[in-house]
Amino acid sequence: MTADASPRQYERLIGQNGRSVVLMDAPPETCGSQSRFVDIATHLKSLNLASPEVLEWDDPKGLMIISDLGQHDFAKYLSAAPTDEPNLYSAAVNVLRTVQSTPPPIGLTEMTPDVGADMVSVAFEWAATDQSKDLATEITASLRNLLQEIDHDARVLSLRDFHAENLIWRPTNHGNWRVGLLDFQDAFIAHPTYDLASLLRDARRDVDPAMLASLLTQLAGEDGNVADFKRAFHVMAVQRNLRILGIFHRLAQQDGKTGYLSLAPRVWAHLQTDLAMPDLADLGHLVQRALGPKGAQS
């Protein structure tokens, strides 16, 4: 099976009866313990969500067998049925509403303004031109101020890598069980719009931008302030994609995974879209000076 950006590897094992399970190989020396994955999977199951069941686990060896949620992630399914995109993405936001309806598990990192600003330093280490790295302090300070302006009481569990290739579409099920959840071991606590930014500003596929308004309203719910959610969405999207841009360049330069650079132009385009918001324009000029055009190179 296709691996992610981490050293984890996955294999689908199929028995003689046709039943399949998934083997996760996560070497402890590079991936650490997978106890967080187990904890979050258990929490999601308590919310009646479709997370994998841990069937066998050898933490010291980094091996785990989990239930197989299905073979068609959102991206694969929509490549054959593109008109179903609004239905799938609305179902994903319903899952987010359920995730965010209860207090998050204890012991998770919280994306405070300081943490969120520090997380983008990877962009200036790997994607900035040498003469522009001195702008990093100014950019992170600006981003920190923007993050401080977002409602800090709105802190929920964020699955963090909530995008089309980590969501399994299971149309024969009902309700939230139609959406299988993967790759949530890096979950933390963040603003409710963080995972929506992950979903709609996808580095690996183009998402219809017209869905943003309706999905923001759906996520905010009857009691939410959609205008506040919209502003938070754009800030979260900028924070997330600055970090992703740096990670992609690091993977290419440090690990030889140059294929990730083919995704950089889409990430850069997402940044331009969100930085075009009036109250983000000043930050946008700084980002352009620091990262463009190197940051967008494939």
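What you see is a predicted model, and the numbers here were worked out from it, not measured in a lab. (Residues numbered from 1 in each chain as written. Predicted model: local features only at pLDDT ≥ 70, side-chain atom pairs only at ≥ 80, totals over all residues. Heavy atoms only, no water.)

A.B. asks: What am I meant to see in the environment of L219 here?
C.D. replies: Along the chain, the position of L219 falls in helix α9 (residues 212–220). For L219, a relative accessible area of 4% gives the class buried. Between the C-alpha atoms of L219 and S90, which are 129 residues apart in sequence, the distance is 9.3 Å. Ignoring anything within four residues of it in the chain, the contact list for L219 reads V93, L96, R97, Q100, P192, T193, L196 and F229. (Helix = DSSP H or I, 4+ residues; strand = E, 2+ residues; numbered from the N terminus. Buried < 20%, exposed > 50% of the residue type's maximum accessible area, 1.4 Å probe, protein only. Contact = heavy atoms within 4.5 Å.)

A.B. asks: For this particular structure, what's the right way to read the packing of aromatic side chains?
C.D. replies: For any pair of aromatic rings, geometry is given as the distance between the ring centres together with the angle between the planes. Applying the stated criterion across every chain yields a total of 6 aromatic pairs. Measuring from ring centre to ring centre gives 4.7 Å for F37 and F184, while their planes differ by 10 degrees; the resulting arrangement is stacked. Here F37 is found in helix α2 (residues 35–46), whereas its partner F184 is found in the loop between β7 (179–181) and β8 (188–190), with 147 residues between them in sequence. Judged by relative accessible area, F184 falls into the buried class, the value being 0%. A network of ring pairs unites the aromatic residues F74, Y77, Y89 and W169 as a single cluster. Sitting over the ring of F188, R160 keeps its end group 4.4 Å from the ring centre. (Phe/Tyr/Trp six-rings, centres within 6.5 Å; stacked < 30°, edge-to-face > 60°. Lys NZ or Arg CZ within 6 Å of the ring centre and 35° of its normal.)

A.B. asks: Before we go on, may I ask you to explain the sheet that holds strand β4 (residues 63–67) in this structure?
C.D. replies: Backbone-to-backbone hydrogen bonds pair the strands of a sheet. The strands run either parallel or antiparallel. The strand order across the open sheet formed by 4 strands is β1-β2-β4-β3, and the pairing between neighbours is antiparallel. Whereas interior strands pair on both sides, the edge strands pair on one side only; in this sheet they are β1 (9–14) and β3 (54–58). Shown here is a sheet whose adjacent strand axes are inclined to one another by a mean of 20 degrees, direction ignored. Along the sheet, α2 makes contact with β2 (20–25), β3 and β4, crossing β3 at roughly 160 degrees. (Pairing = 2+ DSSP bridges. Axes fitted to C-alpha atoms, helices over the stretch in contact; angles between N-to-C directions.)

A.B. asks: Would you mind showing me how to read the pattern of salt bridges here?
C.D. replies: Oppositely charged side chains can form a pair if their charged atoms are brought close together. Applying the stated criterion across every chain yields a total of 12 salt bridges. Notably, a salt bridge pairs D68 with R12, separated by 2.6 Å at the nearest N-O pair. Highlighted residues: D68 in the loop between β4 and α3 (74–80) and R12 in strand β1, separated in sequence by 56 residues. Members of the salt-bridge network, linked through shared partners, are D114, D118 and R144. (Salt bridge = Lys/Arg side-chain N within 4 Å of Asp/Glu carboxyl O.)

So, to be careful, I would describe these as geometric facts and stop short of saying anything about function.
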